[in-house]
Protein chains: 2
Amino acid sequence: MRINMRAPVQPTLLKTQITRNHLRFTRQRQEIFKVFVGMARHVTAEEIYREVLKKESRIGLSTIYRTLGLFCRFGLAEARQFGDGHTRYDPVYDKHHHDHLICTQCGEITEFENQHIERLQEQVARRHRFVIRRHKLELYGLCADCHDHGSGKRG
Amino acid sequence: MRINMRAPVQPTLLKTQITRNHLRFTRQRQEIFKVFVGMARHVTAEEIYREVLKKESRIGLSTIYRTLGLFCRFGLAEARQFGDGHTRYDPVYDKHHHDHLICTQCGEITEFENQHIERLQEQVARRHRFVIRRHKLELYGLCADCHDHGSGKRG
DNA sequence: TTATTATTGAAAACGATTTCTATTATCGTT
DNA sequence: AACGATAATAGAAATCGTTTTCAATAATAA
Ligand SMILES: [Mn+2]
Ligand SMILES: [Mn+2]
Ligand SMILES: [Zn+2]
Ligand SMILES: [Zn+2]
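Just so we're clear, the structure is a prediction, and the values are computed from it rather than from any experiment. (Residues numbered from 1 in each chain as written. Chains lettered and ligands numbered in written order. Predicted model: local features only at pLDDT ≥ 70, side-chain atom pairs only at ≥ 80, totals over all residues. Heavy atoms only, no water.)

S.K.: Even after reading the chapter, I still don't get the packing of aromatic side chains, so can you show me in this structure?
M.R.: Centre distance and the angle of the planes are the two values used to describe a pair of aromatic rings. All names here are of chain A. Applying the stated criterion across every chain yields a total of six aromatic pairs over all chains. On the numbers, 6.2 Å between centres and 65 degrees between planes, the contact of Phe33 with Tyr93 is edge-to-face. On the criterion of sequence distance, the pair formed by Phe33 in helix α2 (residues 27–38) and Tyr93 in the loop between β3 (87–91) and β4 (99–103) is long-range, its members being 60 residues apart. With respect to class, Phe33 is no different from Tyr93; both count as buried. (Phe/Tyr/Trp six-rings, centres within 6.5 Å; stacked < 30°, edge-to-face > 60°. Helix = DSSP H or I, 4+ residues; strand = E, 2+ residues; numbered from the N terminus. Buried < 20%, exposed > 50% of the residue type's maximum accessible area, 1.4 Å probe, protein only.)

S.K.: Whenever I open this one, the sheet that holds strand β6 (residues 131–142) of chain B confuses me. Can you help?
M.R.: Hydrogen bonds between backbone atoms are what pair the strands of a sheet, whose relative direction is either parallel or antiparallel. Pairing in this open sheet of six strands is mixed, and the strands run β5(A)-β4(A)-β6(A)-β6(B)-β4(B)-β5(B) from one edge to the other. With one partner strand each, in any of the chains shown, β5 (109–112) of chain A together with β5 (109–112) of chain B form the two edges of the open sheet. Put simply, the sheet's adjacent strands are angled 20 degrees from each other on average, direction ignored. Helix-sheet contacts for helix α5 (residues 115–127) of chain A involve β4 and β6 (131–142) of chain A together with β4 (99–103), β5 and β6 of chain B, and the interaxial angle to β6(A) is about 125 degrees. Against the sheet, helix α5 (residues 115–127) of chain B makes contact with β4, β5 and β6 of chain A together with β4 and β6 of chain B, and its axis sits at roughly 125 degrees relative to β6(B), the strand it touches most. (Pairing = 2+ DSSP bridges. Axes fitted to C-alpha atoms, helices over the stretch in contact; angles between N-to-C directions. Contact = heavy atoms within 4.5 Å.)

S.K.: Looking at this structure, I do not really get the environment of A:His96. What am I missing?
M.R.: Residue and element names in this part refer to chain A. Within the secondary structure layout, His96 lies in the loop between β3 and β4. Separated by 66 residues in the primary sequence, His96 and Gln30 place their C-alpha atoms 23 Å from one another. A polar side-chain atom of His96 sits 3.4 Å from a polar atom in the side chain of Glu113. (Polar contact = N/O pair within 3.5 Å; in protein donor to acceptor, adjacent residues only side chain to side chain.)

S.K.: Help me understand the environment of A:Val35 in this model?
M.R.: Locating A:Val35 in the fold gives a position in helix α2. With sequence-adjacent residues up to four places away left out, A:Val35 is seen in contact with A:Ile48, A:Glu51 and A:Val52.

S.K.: Teacher, can you tell me more about the relation of the copies chain A and chain B here?
M.R.: Two copies of one chain are present, and they are related through a rotation about an axis combined with an axial shift. Overlaying chain A on chain B yields an RMSD of 0.0 Å, the required transformation being a rotation through 180 degrees with an accompanying axial translation of 0.0 Å. Taken together, the rotation angle and the small translation identify this as a two-fold axis. For chain A, the residue whose C-alpha comes nearest the rotation axis is A:Leu137, separated from it by 2.2 Å. The overlap is high: 100% of the interface residues of chain A also sit at the interface in chain B, so the same surface is used on both sides. (Least-squares fit on C-alpha atoms with pLDDT ≥ 70 in both.)

S.K.: I tried to follow the protein's contact with DNA strand C on my own but got confused; where do I start?
M.R.: Around DNA strand C lies a shell of 19 residues, among which A:Arg24, A:Arg29, A:Thr63, B:Tyr65 and B:Thr87 are the nearest. One of the side-chain nitrogen or oxygen atoms of A:Ser62 is found 3.5 Å away from a base nitrogen of DNA strand C. B:Arg66 places a side-chain nitrogen or oxygen 3.3 Å from a base oxygen of DNA strand C. Looking at the surface near DNA strand C, the elements with two or more residues in it are α2 and α4 (61–73) of chain A together with α4 (61–73) of chain B. Among the residues making up the surface near DNA strand C, the classes are represented as four nonpolar, nine polar and six charged. (Near = heavy atom within 4 Å. Nonpolar A, V, L, I, M, F, W, Y, C, P; charged D, E, K, R; others polar.)

S.K.: Would you mind going over the coordination of the zinc ion (ligand 4) with me for this structure?
M.R.: Tetrahedral coordination by four donors puts the ideal angle at the metal at 109.5 degrees, and octahedral coordination by six puts it at 90 or 180 degrees. Only B:Cys103 (SG), B:Cys106 (SG), B:Cys143 (SG) and B:Cys146 (SG) from the protein coordinate the zinc ion (ligand 4), and they sit 2.2 to 2.4 Å from it. In this structure, the zinc ion (ligand 4) is coordinated by four donor atoms arranged in tetrahedral fashion, with angles at the metal of 104 to 114 degrees. (Donors = N, O, S within 2.8 Å, 3.2 Å for Na, K, Ca; no water. Tetrahedral: all angles 85-135°; square planar, octahedral: opposite > 155°, others 65-115°.)

S.K.: Before we go on, may I ask you to explain the protein's contact with DNA strand D in this structure?
M.R.: In the region of DNA strand D, 19 residues are neighbours, and A:Tyr65, A:Thr87, B:Arg29, B:Thr63 and B:Arg66 sit closest. For DNA strand D, the backbone makes up 70% of the atoms found within 4 Å of the protein, where backbone means sugar plus phosphate. Between B:Arg58 and DNA strand D, the recorded distance is 3.4 Å, taken from a backbone N or O atom to a phosphate oxygen. Between DNA strand D and B:Gly60 there is a distance of 3.4 Å, counted from a phosphate oxygen to a backbone nitrogen or oxygen. In terms of residue class, the surface near DNA strand D is made up of four nonpolar, nine polar and six charged.

S.K.: Would you explain the interface of chain A and chain B in this entry?
M.R.: Accessible area lost when the parts come together is the quantity often used to give the size of an interface. Counting from both sides, the interface comprises 34 residues of chain A and, opposite them, 34 residues of chain B. Buried area between chain A and chain B, summed over both chains or domains, comes out near 3,100 Å², and the portion from carbon and sulfur atoms is 64%. The interface formed by chain A and chain B contains two salt bridges. Summed over the shared surface of chain A and chain B, the result is twelve residue pairs in polar contact (both at pLDDT 80 or more). Put simply, the parts of the chain that give the side of chain A that touches chain B at least two residues each are β4, β5, α5, β6 and α6 (144–148) of chain A. The element best represented in the side of chain A that touches chain B is β6(A), accounting for twelve residues. Among the residues forming the side of chain A that touches chain B, the class breakdown is 17 nonpolar, nine polar and eight charged. Of the strand pairs in this sheet, β6(A) and β6(B) are connected by eleven bridges, and their pairing is antiparallel. Note on β6(B): the bridge partner recorded for A:Val131 is B:Leu142. (Buried area = accessible area lost by both parts, 1.4 Å probe. Salt bridge = Lys/Arg side-chain N within 4 Å of Asp/Glu carboxyl O.)

Dropping the structure here:
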């Protein structure tokens, strides 16, 4: 049995990126990162906003979006669209590349990785003389819970 | 050498769906479908709008979006987000499921299908006791033109 | 400290969707 | 075929989630 399933996130992780890029270590960026690190995976900007507001009551929603965009450029987060009309932010500082299973009934998002698929993607690209920079594989359908006892947690 | 690469689209294709669903065969729906069928693959609502305006000068952009949404529900089109901030509509009445290679330099979109990958997706789903309804695989990077002579057609 | 910039929050703009009322396609009746 | 009732649809305007613009503010370096 393991302890510390997830390695503790260095509070310096953001500072490092900020300094490396000659940007400014503002109160807002610190607070947004702290909140982002503390929340569940695949949260929306709105969810982060409501949490940040508790400590930083004068912050604007545009700062949240801008700062999450910054985290993405730093490689600390990735923005994802799972088709519910809200962009979700995936923390990727402690996890390598993965793809997603999305339950359209209850909204559950499951992560997976499959090296076999990734190799075949490269093969497809090679045939088209295409160089892959990044990719996205999303499987939409019903999770075990939702197709077993049909009701589901959401609408 | 073949003639008629693409089978001619039945003008009745839309009418059939409209009648089957007890909806109304309006002038606007006919015109939007005619334009959609005549245009390139993966066009935006705005591009369709500009074309439809030539024949139907009083039409609203919301009707374009609504009607394209209708085509999607009918299985005649699919909406796709390739990350340039515009939803693109893929005609699928004459083509079976496929995935996409997207050049982030020049915007070129190439279609492909790979049964091997599709089977592995099912395998992943089975392991998670997940039932796939639909999926999306998008490979982003540089097309042959763009990584050979670096300039590209777009900005 | 001051000067130099990057960053902030408010407001405007964007692409897309929804709401609302006037219009119109369809159907049952002549 | 023409009518009238009725329910779906159209276009305008409002709204949504997100991005951009811009003047005021604040982090950094001199
Ligand atoms: Mn994830
Ligand atoms: Mn396509
Ligand atoms: Zn579910
Ligand atoms: Zn290209």
